[in-house]
Protein chains: 2
Amino acid sequence: MTIYSTIIKPTLLLDENKAKDNLDFVLKKIKRQNITFRPHFKTHQSAVIGEWFRYRGINQITVSSIEMAEYFSNSGWNDILIAFPINLREINAIVKLAHAITLSVLIESLEVVAQLDSLIDTKVGVWIKVDVGAGRTGIVWSDLDKLESIASSVKFSRNLKLQGLLTHSGHTYRASGQSEIQKIYYESLDRLQIVKRHLETKDLGPIKISVGDTPSTIAVTEYGDIDEIRPGNFIFYDVQQSIAGVCGIENIAIAVACPVVSTHPERLEATIYGGAIHFSKDFFHYQGSTMAYGYVVAVTKNGWDDQKVIGYVKSLSQEHGILRIYETEMENVKPGEIICVLPAHSCLTVQVMRNYLNLDGEIIRTINSNH
Amino acid sequence: MTIYSTIIKPTLLLDENKAKDNLDFVLKKIKRQNITFRPHFKTHQSAVIGEWFRYRGINQITVSSIEMAEYFSNSGWNDILIAFPINLREINAIVKLAHAITLSVLIESLEVVAQLDSLIDTKVGVWIKVDVGAGRTGIVWSDLDKLESIASSVKFSRNLKLQGLLTHSGHTYRASGQSEIQKIYYESLDRLQIVKRHLETKDLGPIKISVGDTPSTIAVTEYGDIDEIRPGNFIFYDVQQSIAGVCGIENIAIAVACPVVSTHPERLEATIYGGAIHFSKDFFHYQGSTMAYGYVVAVTKNGWDDQKVIGYVKSLSQEHGILRIYETEMENVKPGEIICVLPAHSCLTVQVMRNYLNLDGEIIRTINSNH
């Protein structure tokens, strides 16, 4: 009997050994450099997987929503950073959390600082979100006047404790190869140091620096003068990361097991039960051009064969996935059998799948599991 | 007090009046032509919304998974077509359903016919899935030998009742404008008629024809010689449909209400709490080029202003959405307030959001609601 004998529909498989190896690799690297490791839990979203981190001595975490902070707080985590620009409409939940645990939030506007300080009645840590070039959100690093006025406003507030500068160099996800990622990292760091020096010169220090993205965490050897690092995706990786040169295919720790429902050998295609509702719909460029949603790998007795990609996911509709299969492998793909798909973007796949099945056949729940 | 006073995080709004108007429009059109209307419930996935259909005399429905069939069967629907190539791994649930209700399934391979017939112990309706050009799944319409051997195999099986030919002209979703959609529809119909005549000549009839996609349902005036039509998206529509010329923006019946968390007037952008986990990640091409994930509209007292698009969603990460706002509207977008986003693809947005809030502030649950 293998785990596949019980799988009847799309199922998110988790290879715990790979995931723990990924964790140990990053943990060892960060420990060497005397930096706070505050992993982002939005990738796995699971209290059970959180315990793997706690067991390794980690007690500070990052999340991306209030609900996720509440969920992990209920699992005993008591130092949580919500790395998302604060949404004042959720102030009641924020206040409640701030009373229960050591909570930090992100701000990026003067008016929000004032409102937050007037609404909260206990101490909360505040990081200023800085845009070092990703262009997603945050205050542009070169706007020193604005950064200074916000830092000053936090510093002299009633309840807000200025922590420092936080960035997410999201543009590393669009980089190709480790040297481009390193270049972005050091450029980002230079920019943060300029801001830090400016604020400390104005007596607004001490200013800590928090960075965090998986590509930099892996590609950069020496992190330099930072205080905290917050990668998340590294626990599982995915095809996007492998294409960016951040991991090997053999490091990807999750796969979606999908039943094949039809084959079309004449056009080297197969249809799986497994669509946008199982993968979300993030993509990568297969061989630099075609949009694709995952790599197809064959199953082994209780896992998948990471040494042999046999095709890719060419399109996804709501429940259907269309696979393009390599010619030499087509005869091995049969209706009724299972193939595994390594997802384009693991965070979004975990979000929609809601539960994992580990390779021992045990279900591992997430914040999104049905209760 | 408006519904917005209670909204603190991304919330899927449903304008029931618009949705019921959309339903009545399609229902009236189909009724005129003496065709079975078997709406696809994968778009709304809600027993409550299903009742709007039942109230209007509809008693045959389409779904896209066994779970959805079970869910609607539990809500009293007893004639259900699962419009997805049958997944034999779920045979136990299929048998159970086939005992409880009038169930139809899709097949597209000879070996699956044989296996299904040997595994099932009660009558089940079988439609042969035909590919009329979409290239997603099904037997290519011109492969008359294969179609004949499958039809024959079903006809002379023990428990399978041959219904006819079923297609989903999914390529209409990529068409631009009503005349291109009409052209695809009539070409598809011609192809199905060729197959139907062939099978009936071989004494395998009567062969019914079932078609179904929202673009054709709207764009085509006379459906011609078909027996059944199965659109689903029309109940809500979305930006993809409006861009294809299938509906107006004013017909879109759902929107995601999202808190603005920061603004960047210097680059005409705003950040919302609302990301890939709230919209999934389907897109359209804004003004024919830029990838975009939704239109931004301002809120009204208890809804949204469908007469004025004020921008579009430029990018989505896990929880963040980045809006591009038109210059004249930038000053009206403020942190802490709510904007509404009309989604690129309503089916996937409903799937990830799991619940609706109607404009009276009532929650409407779906199959995916947490219980």
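Residues numbered from 1 in each chain as written. Chains lettered and ligands numbered in written order. Predicted model: local features only at pLDDT ≥ 70, side-chain atom pairs only at ≥ 80, totals over all residues.

Student: Can you break down the interface of chain B and chain A residue by residue, with the values?
Tutor: Chain B puts 40 residues into the contact, and the matching count from chain A is 40 residues. Residues of the side of chain B that touches chain A, tallied by class, amount to 15 nonpolar, 15 polar and 10 charged. (Contact = placed C-beta atoms within 7 Å. Nonpolar A, V, L, I, M, F, W, Y, C, P; charged D, E, K, R; others polar.)

Student: Would you mind going over the packing of helix α6 (residues 144–155) of chain A against helix α7 (residues 178–201) of chain A in detail, with residue names and values included?
Tutor: All names here are of chain A. Between α6 and α7, whose axes approach to 10 Å, the crossing angle comes to 55°. One finds that α6 runs oblique with respect to α7. The element α6 and its partner α7 pack so that their crossing is right-handed. Between α6, through Leu144, Leu147, Glu148 and Ala151, and α7, the contact on the second element is made entirely by Val195, His198 and Leu199. (Axes fitted to C-alpha atoms, helices over the stretch in contact; angles between N-to-C directions. Helix = DSSP H or I, 4+ residues; strand = E, 2+ residues; numbered from the N terminus. Parallel < 35°, antiparallel > 145°, perpendicular 65-115°, else oblique. Left-handed = near helix turned anticlockwise from the far one by under 90°.)

Student: So what about the environment of Ser317 of chain A? Which residues, and what values?
Tutor: Turning to its location among the elements, Ser317 of chain A is positioned in the loop between β16 (303–316) and β17 (320–325). Under the C-beta neighbour-count criterion, Ser317 of chain A is labelled buried, with 22 such atoms within 10 Å. Between the C-alpha atom of Ser317 of chain A and that of Ile364 of chain A, which follows or precedes it by 47 residues, the distance is 27 Å. Those residues in contact with Ser317 of chain A that lie beyond four places of it in its chain are Gly275 and Ala276 of chain A together with Arg136 of chain B. (Buried ≥ 20, exposed ≤ 12 C-beta atoms within 10 Å, placed from the backbone.)

Student: I'd like to hear about the environment of Ile7 of chain B, residue by residue, with values.
Tutor: All names here are of chain B. Mapped onto the elements, Ile7 comes out in the segment before β1 (11–14). Take Ile7: there are 18 C-beta atoms within 10 Å of it, and that puts it in the partly exposed class. Separated by 238 residues in the primary sequence, Ile7 and Gly245 place their C-alpha atoms 32 Å from one another. The residues contacting Ile7, other than those within four sequence positions of it, are Ala257 and Ile338.

Student: Residue-level account of helix α2 (residues 47–55) of chain B, with values.
Tutor: Residues and elements named next belong to chain B. Among all positions in α2, only Ile49, Gly50 and Phe53 are buried. Projected down its long axis, α2 shows its buried positions confined to an angular sector of 110°, all on one face. More than 90 degrees from the buried face of α2, the exposed residues found are Glu51 and Tyr55. Of the surrounding elements, those touching the buried residues of α2 are α3 (66–73) and β20 (363–365). In the stretch just after α2, Gly57 is the one whose phi turns positive, near 90°. (Arc of directions from axis to C-beta.)

Student: Could you give me a rundown of the pairing of β16 of chain A, with the residues and numbers involved?
Tutor: All names here are of chain A. Note: strand β15 (residues 294–300) against β16, 5 bridges, orientation antiparallel. Note that in β16 the partner of Tyr295 across the bridge is Tyr312. In this structure, the hairpin formed by β15 and β16 is closed by a connection of 2 residues. Note that β16 and β17 share 5 bridges and pair antiparallel. Along β17, the bridge assignment pairs Gly311 with Ile325. (Pairing = 2+ DSSP bridges.)

Spatial relationships are all this shows, so hold off on functional conclusions.
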